[in-house]
Amino acid sequence: GMAKAMQSYQDSMARLRTADDYPQAMTEAVSKQIDENWKCIEEGLVTMQELRNTEGEEQIAAMIHQINKKIGEIQARMGVPTKTVWTYDRVT
């Protein structure tokens, strides 16, 4: 769970950084891939919760926070919300 979540996080951040520099790069395909990554990250979070791995859960929650932050920055800069908004509310 953690390794896949980390990989998905790094992939999403790389794509979001590209989209930040080149908004036209935010294609349907990129959107879809970030969506897929999101699923892996959420699965990782659930796994950590099931394992009662607080440290792992916090690490993944931090990744989610970073992605949400980056998406927020891109949306603010573009002045319009992108079609897909990925936000995650941490379940306590």
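Residues numbered from 1 in each chain as written. Predicted model: local features only at pLDDT ≥ 70, side-chain atom pairs only at ≥ 80, totals over all residues. Heavy atoms only, no water.

## Comments concerning the pattern of salt bridges
By the definition in use, this model includes four salt bridges. Two residues, Arg15 and Asp11, come together in a salt bridge whose shortest N-O distance is 2.7 Å. Here Arg15 pairs with Asp11, and both are found in helix 1 (residues 2-21), just four residues apart, close to one helical turn. A relative accessible area of 26% means that Asp11 is categorised as partly exposed. The residue Lys39 makes a salt bridge to Glu36 at a minimum N-O spacing of 3.3 Å. One end of the pair is Lys39 and the other is Glu36, both in helix 2 (residues 28-50) and three residues apart, which spans about a single turn. On the basis of relative accessibility, which here comes to 41%, the residue Lys39 falls in the partly exposed class. Taking relative accessible area as the criterion, Glu36 reaches 41% and is therefore assigned partly exposed. (Salt bridge = Lys/Arg side-chain N within 4 Å of Asp/Glu carboxyl O. Helix = DSSP H or I, 4+ residues; strand = E, 2+ residues; numbered from the N terminus. Buried < 20%, exposed > 50% of the residue type's maximum accessible area, 1.4 Å probe, protein only.)

## Thoughts on the side chain of Ser12
Along the chain, the position of Ser12 falls in helix 1. One polar contact links Ser12 to Asn37, side chain to side chain, over a distance of 2.9 Å. Those residues in contact with Ser12 that lie beyond four places of it in its chain are Ile34, Asn37 and Ile67. (Polar contact = N/O pair within 3.5 Å; in protein donor to acceptor, adjacent residues only side chain to side chain. Contact = heavy atoms within 4.5 Å.)

## Regarding helix 3 (residues 54-78)
Here helix 3 contains 25 residues, and its C-alpha end-to-end distance of 36 Å stays within 8% of the 36 Å for a straight helix at 1.5 Å per residue. When we look at burial in helix 3, the residues that qualify are Gly56, Glu57, Ile60, Ala61, Met63, Ile64, Ile67, Lys70, Ile71, Ile74 and Gln75. Put simply, Asn53 is the residue that caps the front of helix 3, since its side-chain oxygen is 3.3 Å from the backbone nitrogen of Glu55. Positive backbone phi, at 75°, marks Gly79, one or two positions downstream of helix 3. (Expected span 1.5 Å × (residues − 1).)

## Side note on the environment of Asp20
Structurally, the position occupied by Asp20 is in helix 1. Expressed as a C-alpha distance, the spacing of Asp20 and Ile71, which sit 51 residues apart in the sequence, is 8.8 Å. When residues no more than four places from it in sequence are discounted, the contact partners of Asp20 are Lys70, Ile74 and Arg77. Side chain to side chain, Asp20 and Lys70 meet in a polar contact 2.8 Å long.

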